[in-house]
Amino acid sequence: MKINWFPGHMKKALAEMRKQLGSVDVIIYVLDSRVPLSSINPSLNSLAAGKSILYVFNKIDLSDEKRIAEIAPRFKGSNCDYVILNSTMSGAGNKIRSKLNILAKAKIEKYAKKGVKTTVRAMVVGVPNSGKSTLVNNLCGKAKAITGNKAGVTKANQWLNIGDCVELCDTPGTLYPNLADQEVAKRLAFVGSIKDEVVDETELAIELIKLLSEKYPKEFSARYNGQMTLDGIASVRGFKLSGGELDIERAAAAVIDDFRKGRIGKITLD
Ligand SMILES: Nc1nc2c(ncn2[C@@H]2O[C@H](COP(=O)(O)OP(=O)(O)OP(=O)(O)O)[C@@H](O)[C@H]2O)c(=O)[nH]1
Ligand SMILES: [Mg+2]
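What counts and how
Residues numbered from 1 in each chain as written. Chains lettered and ligands numbered in written order. Predicted model: local features only at pLDDT ≥ 70, side-chain atom pairs only at ≥ 80, totals over all residues. Helix = DSSP H or I, 4+ residues; strand = E, 2+ residues; numbered from the N terminus. Expected span 1.5 Å × (residues − 1). Buried ≥ 20, exposed ≤ 12 C-beta atoms within 10 Å, placed from the backbone. Contact = placed C-beta atoms within 7 Å. Near = placed C-beta within 6 Å. Nonpolar A, V, L, I, M, F, W, Y, C, P; charged D, E, K, R; others polar. Right-handed = clockwise from strand over helix to strand, strands pointing away. Core = buried A, V, L, I, M, F, W, Y, C linked by C-beta atoms within 7 Å. Domains from an automatic or database assignment. Axes fitted to C-alpha atoms, helices over the stretch in contact; angles between N-to-C directions. Parallel < 35°, antiparallel > 145°, perpendicular 65-115°, else oblique. Pairing = 2+ DSSP bridges.

With 13 residues, helix H11 (residues 248–260) extends 19 Å between its outermost C-alpha atoms, agreeing within 8% with the 18 Å of an ideal straight helix rising 1.5 Å per residue. What H11 keeps buried is the set Ala251, Ala252, Ala254, Val255, Ile256 and Phe259. Considering only its buried residues, H11 is in contact with helix H7 (182–190), helix H8 (201–215) and helix H10 (230–237). Remark: Gly262 follows H11 within two positions and exhibits a positive phi of approximately 80°.

Surrounding ligand 1, one finds 24 residues, the nearest of these being Gly131, Ser133, Asn149, Thr154 and Gly173. Looking at which element gives the most residues to the shell around ligand 1, the answer is helix H6 (residues 132–140), with three residues. A per-class count over the shell around ligand 1 returns five nonpolar, 16 polar and three charged.

Bringing the pairing of strand S1 (residues 26–32) into the picture now. Counting buried positions over the seven residues of S1 gives seven, a clear majority of the element. Going residue by residue along S1, you find Val26, Ile28, Val30 and Asp32 tucked away on one face and Ile27, Tyr29 and Leu31 tucked away on the opposite face as well. Once the chain exits S1 it traverses helix H2 (residues 42–48) before rejoining the sheet at strand S2 (residues 52–58), and the crossover so formed is right-handed.

The nonpolar side chains of soluble globular proteins are, as a tendency, buried together. Within the largest apolar cluster, 42 residues are counted, with the highest numbers of intra-cluster contacts made by Ile28, Tyr29, Leu54, Val56, Phe57, Ala122 and Val124. In terms of residue count, the dominant contributor to this core is S1 (six residues). Setting aside anything within four residues of it in sequence, one finds Phe57 in contact with Leu31, Ser33, Pro36, Ile68, Ala72, Tyr82, Ile84 and Leu85. If you look at the next biggest cluster of nonpolar residues, it comprises 32 residues, including Val35, Ala205, Leu208 and Ala251.

Taken as a whole, the chain is organised into domain 1 (8–170) and domain 2 (200–260). Using C-alpha coordinates to define each centre, domain 1 is positioned 35 Å away from domain 2.

As a further point, take the packing of H10 against H11. The relative placement of two packed helices comes down to the angle between their axes together with the axis-to-axis distance. The contact between H10 and H11 brings their axes to 9 Å, and the two run at 90°. Comparing their axes, H11 and H10 come out roughly perpendicular. Contacts between H10 and H11 pair Leu230, Asp231, Ile233, Ala234 and Arg237 from the former with Ile248, Arg250, Ala251, Ala252, Ala254 and Val255 from the latter. For the contact of H10 with H11, a count of residues per class yields eight nonpolar, no polar and three charged.

As a further point, take helix H5 (residues 105–113). Of all the nine residues making up H5, zero are buried; the element is thus mostly uncovered. Residue Gly115 follows H5 closely and has a positive phi angle near 80°.

For the rest of this paragraph, the subject is the environment of Lys51. Mapping Lys51 onto the fold places it in the loop between H2 and S2. Residue Lys51 is classed as partly exposed on the basis of its 17 C-beta neighbours within 10 Å. Between the C-alpha atoms of Lys51 and Lys76, which are 25 residues apart in sequence, the distance is 14 Å. Excluding residues that lie within four positions of it along the chain, Lys51 makes contacts with Val24, Val26 and Ile27.

Across the sheet, which stays open at both edges, the six strands sit in the order S3-S2-S1-S4-S6-S5 with mixed pairing between neighbours. Lying at the two open borders of the sheet, with one neighbouring strand each, are strand S3 (80–84) and strand S5 (158–161). Strand-to-strand twist in this sheet, taken as the mean axis angle between neighbours without regard to direction, amounts to 25°. The pairing of S5 with strand S6 (residues 166–170) spans four bridges and is classified as antiparallel. Note on S6: the bridge partner recorded for Leu160 is Leu168.

Given below as structure tokens:
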């Protein structure tokens, strides 16, 4: 299975984002904490070069907090910082406001000297489905951006004033032209950052089982009564086709859905 997904709308989105960069003070880079290192996108790194960056380790409620506590501090530096969040929790985004003001301090102070309260403008970027629009809504306190549990929901840039002199730009999820590292591509597919229609679900589930039985064997085994194969899982769940054979496709769909909903456990696959 070779996974790649770089539709025309992403190329267009990256070009649009680049055009608007001049007026952006801070990049809010939303990572999925289940696959934080795989959510790093070279196209976005080049877009963010030279800007202050606030990394958001999102979906922490579904992730291995101990692993994130090891990884996240690597993202702190002179012009970058991080926050660890569950964007679906009301008020969670407030952690972001103070960090934004620190990252945009030079601009705020420059204007303050002239007696002007300036607006901080931040662009929210990340791979598809990482929770950008959910985070924007959290900060707005209202559902102004459309969200959905699949890749490719946001189609165009949307600037929103979130009050207290902060404006945010929600952007479409973007990947890069060649997902050369298929270990990264698989992880993005596990969490729904790659459109499901371009991936074979059964093959993906087999890869997910392989990785989970290596990295989180106790959690996986507990979920499926010790079964570590699609056959075994179909059997314990009683998934059968009309002729009586095991329904492997249904078992594959169940494993992927269980993983995405956090039913196997709080997991981080780097
Ligand atoms: N459990 C959990 N779910 C989240 C979190 N943040 C977002 N989600 C869910 O993740 C899914 C994707 O959220 P969106 O905000 O639409 O993601 P996006 O990054 O804007 O996606 P695109 O516009 O397709 O790039 C939705 O079902 C959200 O409810 C979080 O912190 N925890
Ligand atoms: Mg979106």
